[in-house]
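Chains, contacts and geometry: an overview
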Amino acid sequence: MNRRMTMKATTATIAAIGLAAMIGGGWMLWRSTSIAHGPAADGPSIHVEVVAPVEPELAPSPILAVGELSDGYEHDPERLLPPAPLGADEMALDSAWLEPTPPLPSPPLIVIGEPMPPPAPRVVRLEPDDYSFGFDRPLPEAVAETAPIDPTEAAADINGAR
């Protein structure tokens, strides 16, 4: 009797937990879509204001955000000149080495002529009792494997007496 009452209590507890979980899940689903169920709001639902940005106050000083200000730029016109071209006897050390490649083959010749006549339709004639159309014909080994087994030969094969 005690075992029976324990089973009923366990079943009732599991059912109560399941019912509470289903009710809680339904309530969460309802709350997640409550905007669709409520009354429509009057006017726009989003308000955007465009405002001017606040400029920071910068104090003049010799130190900039990227470093300290030095006494200016010194113009060197020779640094800005392009490099002089090399003579015939000089060698460019930074040039790339190009491997000699064989010449490319000539492009294939395409001749456009009259259209070819369509091929003649292929007629397949089957024997009335041939059901192998669309499948490969079985190899002789496969035919031998699927042949009916003689019980006397099978017993002899198992016992090793051939």
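Residues numbered from 1 in each chain as written. Predicted model: local features only at pLDDT ≥ 70, side-chain atom pairs only at ≥ 80, totals over all residues. Heavy atoms only, no water.

**A look at the overall build of the chain**
Per the secondary structure count, the chain includes four helices and two strands. The N-to-C order of helical and strand elements in the chain reads α-α-β-β-α-α. Per-residue burial for the chain yields a buried fraction of 1% across its 162 residues. By element, 65% of the accessible surface of the chain is carried by carbon and sulfur atoms, the whole surface being about 17,600 Å². (Helix = DSSP H or I, 4+ residues; strand = E, 2+ residues; numbered from the N terminus. Buried < 20%, exposed > 50% of the residue type's maximum accessible area, 1.4 Å probe, protein only. Areas by Shrake-Rupley, 256 points an atom, 1.4 Å probe, with all protein chains shown as cover.)

**Some points on a nonpolar patch on the surface**
A cluster of nonpolar side chains, namely Ile46, Val48 and Val50, defines an oily patch on the protein surface of about 380 Å² accessible area. As for its placement among the helices and strands, Ile46 is situated in the loop between helix H2 (34-37) and strand E1 (63-64). (Patch = residues over 30% accessible without salt bridge, like charges linked within 9 Å, V, L, I, M, F, W, Y side chains within 5 Å. Salt bridge = Lys/Arg side-chain N within 4 Å of Asp/Glu carboxyl O.)

**Quick notes on helix H1 (residues 2-32)**
An α-helical segment advances 3.6 residues per turn. Residues three or four places apart therefore align on the same side. Its 31 residues place the ends of H1 45 Å apart at the C-alpha level, agreeing with the 45 Å of an ideal helix rising 1.5 Å per residue. Little of H1 sits out of view: just zero of its 31 residues are buried. (Expected span 1.5 Å × (residues − 1).)

**Digging into the confidence of the model for the chain**
Of the residues in the chain, 60% reach a pLDDT of 70 or more, and the chain-wide mean stands at 75. Element-level mean pLDDT values for the chain span from 58 in helix H4 (residues 151-159) up to 90 in H1. (pLDDT = per-residue confidence, 0-100.)

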